[in-house]
Amino acid sequence: MSLLRQGGSYLIVGLVQLLLDWCVFVAVTAMGMPVVPGNVIGRASGMLLGFWLNGRYTFADQGRQRLGWRRFVRFIGLWAAVTAVSTVLVAAAHDALGLQYAWLAKPLVEGLLAALSFLLMRWLVFR
């Protein structure tokens, strides 16, 4: 499997996930939900879509999808860890700068975590 092909596909899937995640985060926090649960709900909104798209396309092996419960359990563990880091960073931005800056910080936080997440997905989840 080509690292370049996987990286490109992961980037496209990640941008779709980020858009969904960010839109949900902004919507629920604008309606008054606190930042911490709002971030978790936003990330969860893109989680299943990302798992399916990455297993079906990004990390597929010669056209065979890489999905299944075993991989999903590993994915959930990794997602929970990355979500914890994301939530701490977005909440810190909110506490230091306010809600609107937390909205702006979220895509930056998720972008920084994406590279690490790609490597961990490749080695731990979709192997």
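Residues numbered from 1 in each chain as written. Predicted model: local features only at pLDDT ≥ 70, side-chain atom pairs only at ≥ 80, totals over all residues. Heavy atoms only, no water.

(A) Looking closely at the pattern of salt bridges. Tallying each qualifying case throughout the model produces three salt bridges. In this structure, lysine 106 and aspartate 21 form a salt bridge, with 3.1 Å as the shortest nitrogen-oxygen distance. Here the residue lysine 106 occupies a position in helix α4 (residues 99-125), and aspartate 21 occupies one in helix α1 (residues 3-30), the gap between them amounting to 85 residues. Here lysine 106 matches aspartate 21 in class, with each residue buried. Between glutamate 110 and arginine 43 there is a salt bridge whose closest N-O contact spans 2.5 Å. You can see glutamate 110 sitting in helix α4 and its partner arginine 43 sitting in helix α2 (residues 35-58), a full 67 residues away along the chain. Each member of the pair, glutamate 110 as well as arginine 43, is classed as buried. A single network of salt bridges, built from pairs that share partners, joins Asp21, Arg43, Lys106 and Glu110. (Salt bridge = Lys/Arg side-chain N within 4 Å of Asp/Glu carboxyl O. Helix = DSSP H or I, 4+ residues; strand = E, 2+ residues; numbered from the N terminus. Buried < 20%, exposed > 50% of the residue type's maximum accessible area, 1.4 Å probe, protein only.)

(B) Seen up close, the packing of aromatic side chains. The tally for this structure, following the rule as stated, stands at ten aromatic pairs. Between phenylalanine 51 and phenylalanine 72 the ring centres are 5.1 Å apart and the planes differ by 75 degrees, which places this aromatic pair in the edge-to-face class. Note that phenylalanine 51 is positioned in helix α2 and phenylalanine 72 in helix α3 (residues 69-97), a separation of 21 residues in sequence. Assessed through its relative accessible area of 9%, phenylalanine 51 is described here as buried. Lysine 106 extends its terminal NZ or CZ atom over the ring of phenylalanine 25, reaching a point 5.4 Å from the ring centre. (Phe/Tyr/Trp six-rings, centres within 6.5 Å; stacked < 30°, edge-to-face > 60°. Lys NZ or Arg CZ within 6 Å of the ring centre and 35° of its normal.)

(C) Representation of the layout of surface pockets. Here the largest pocket defines a volume of roughly 480 Å³. Considering the residues around the largest pocket, the lining is formed by 23 residues, among which Tyr10, Gly14, Gln17, Glu110 and Ala114 are closest to the centre. Secondary-structure elements contributing two or more residues to the lining of the largest pocket are α1, α2, α3 and α4. A per-element tally of the lining of the largest pocket places α1 first, with eight residues. (1 Å grid on protein atoms, 1.4 Å probe; cavity = no way out; pocket = protein on both sides within 12 Å on 5 of 7 lines; lining within 4 Å. Points joined across faces, edges and corners; volume = space filled by probe spheres on them.)

(D) Layout of the packing of α3 against α4. At a minimum axis distance of 9 Å, the contact between α3 and α4 shows a crossing angle of 155 degrees. By the angle between their axes, α3 is roughly antiparallel relative to α4. The element α3 and its partner α4 pack so that their crossing is right-handed. (Axes fitted to C-alpha atoms, helices over the stretch in contact; angles between N-to-C directions. Parallel < 35°, antiparallel > 145°, perpendicular 65-115°, else oblique. Left-handed = near helix turned anticlockwise from the far one by under 90°.)

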